[in-house]
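# Chains, contacts and geometry: an overview
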Amino acid sequence: MSNAIAQRPQNGVANDVIEQVIIQGDLAQLTPEQRVTYYSRVCETVGLNPYTKPFDYIRLNNRLVLYALKGATDQLRRLHGVSASVVSQERIDDVLVVTVEATDKTGRVDTEIGAVSITGLRGEALANAMMKAVTKAKRRVTLSICGLGMLDESEIDTIPSAQHTGYINEIPSQPGTETIVAGAAEVIDAETGEIQD
């Protein structure tokens, strides 16, 4: 009897697909409708508003995964009362490393780094790289202190195997009603770290 229950699909999703999602973190096996449900549940679990599009999809190491956008880290800082401050900045060879310390409202402290290559950069390009390193560190420490082990959008452009999927995130507006299209994956400028429309 218990074996039959274990084999029964949950919400129309076969157990092997559920295993792919939970254990291996691969969302590719889900249908678009199932991805919408998964996306909404992740947002609900961490207290984020799905209509602000806090996450997007990316193909990484042959797996379709969610990664955090700026909206996710901004909302998480507000929800958890996280304050972040730069502890240090140093140049190691041609890499600028910024260390940021975060404290949440319970007093718990976490530290992360943001590192960017500054090889051959001068003027405005160097200034943008410096800001990107700070942004990277702040977003990484926010995800870390809030317990989300996922990539942030500021890290995606530095991973050669990462491929933007071009998926459109469809967020259900209300059960039984139409779907709101939140938009496609952003393109990140490799030099400045700015998000392009």
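For the structure, see preceding data.
Described below are features of the structure shown in this document. Keep in mind the model is a prediction, meaning the values are calculated, not measured.

Enumeration over the complete set of coordinates arrives at six salt bridges. Across the salt bridge formed by Asp74 and Arg77, the nearest N and O atoms sit 3.0 Å from each other. Remark: Arg77 and Asp74 occur in helix 4 (residues 70-79); sequence separation between them is three residues, near one turn of the helix. Of the charged contacts in the structure, one is a salt bridge between Arg140 and Glu112, with a shortest N-O distance of 2.7 Å. With a gap of 28 residues between them, Arg140 in helix 5 (residues 123-145) and Glu112 in strand 5 (residues 109-117) connect regions that are remote in the sequence. You can call Arg140 partly exposed: its relative accessible area is 26%. Members of the salt-bridge network, linked through shared partners, are Lys70, Asp74 and Arg77.

This part takes up unusual backbone geometry. Here Lys53, not a glycine, exhibits a phi torsion of approximately 55°, which is positive. Given the relative accessible area of 9%, Lys53 is considered buried. Although it is not a glycine, Asp93 adopts a positive phi angle of roughly 55°. With respect to the element layout, Asp93 can be found in the loop between strand 3 (83-92) and strand 4 (95-103). On the basis of relative accessible area, Asp93 is assigned to the exposed category, the value being 69%.

Two elements in contact, helix 4 and helix 5, have axes separated by 10 Å at closest approach and are oriented at 60°. For the element pair helix 4 / helix 5, the angle class is oblique. The handedness of the crossing between helix 4 and helix 5 comes out as left-handed. Each of Lys70, Thr73, Leu76 and Arg77 in helix 4 lies in contact with helix 5, whose residues at this interface are Lys138, Arg139, Thr142 and Leu143. Of the residues assigned to the contact of helix 4 with helix 5, the class counts are two nonpolar, two polar and four charged.

A separate point is helix 3 (residues 32-46). For helix 3, with 15 residues, the first-to-last C-alpha span of 21 Å sits near the 21 Å given by 1.5 Å per residue. Residues Gln34, Arg35, Val36, Tyr39, Ser40, Val42 and Cys43 constitute the buried set of helix 3. Trailing helix 3 by a residue or two, Gly47 shows a phi angle of about 80°, which is positive.

Attention now moves to the side chain of Gln75. In this fold, Gln75 is placed in helix 4. There is a polar contact of 3.0 Å between the side chain of Gln75 and the backbone nitrogen of Asn49. When neighbours within four sequence positions are excluded, Gln75 is seen to be in contact with Leu48, Asn49, Thr52 and Pro54.

Rules and cut-offs
- All chains use their own residue numbering, which begins from 1 and follows the written sequence.
- Local features in this predicted model are restricted to residues of pLDDT 70 or higher, and side-chain atom pairs are both shown and tallied only at a pLDDT of 80 or more, whereas totals for entire chains, interfaces and linings draw on every residue.
- Only hydrogens and water are removed before side-chain values are computed, so all heavy atoms of the structure are retained for them.
- What makes a salt bridge here is a side-chain nitrogen of Lys or Arg within 4 Å of a carboxyl oxygen of Asp or Glu, nothing more.
- The helix and strand labels rest on DSSP assignments: H or I over at least four residues marks a helix, E over at least two residues marks a strand, and numbering proceeds from the N terminus.
- Using a 1.4 Å probe on the protein chains alone, a residue whose accessible area is under 20% of its type maximum counts as buried, one over 50% counts as exposed, and one in between counts as partly exposed.
- Axis lines are fitted to C-alpha atoms, over the contacting stretch for helices. Their N-to-C directions set the angle, which ranges from 0 to 180 degrees.
- Throughout this description, any angle smaller than 35 degrees is read as roughly parallel, any larger than 145 degrees as roughly antiparallel, any in the 65 to 115 degree range as roughly perpendicular, and the remainder as oblique.
- Handedness of each helix crossing follows the sense of rotation of the near helix against the far helix: counterclockwise by less than a right angle gives left-handed, clockwise gives right-handed.
- Working rule for contacts: check all heavy atoms of both residues, and any pair within 4.5 Å makes them a contact.
- Residue classes follow a fixed rule: Ala, Val, Leu, Ile, Met, Phe, Trp, Tyr, Cys and Pro count as nonpolar, while Asp, Glu, Lys and Arg count as charged, and any other residue, Gly among them, counts as polar.
- Each residue after the first adds 1.5 Å to the expected span of a helix.
- For the purposes of these results, a polar contact is taken to be a pair of N or O atoms within 3.5 Å, where, inside protein, one atom must be able to donate a hydrogen and its partner to accept one; residues adjacent in sequence count only when each atom of the pair is a side-chain atom.

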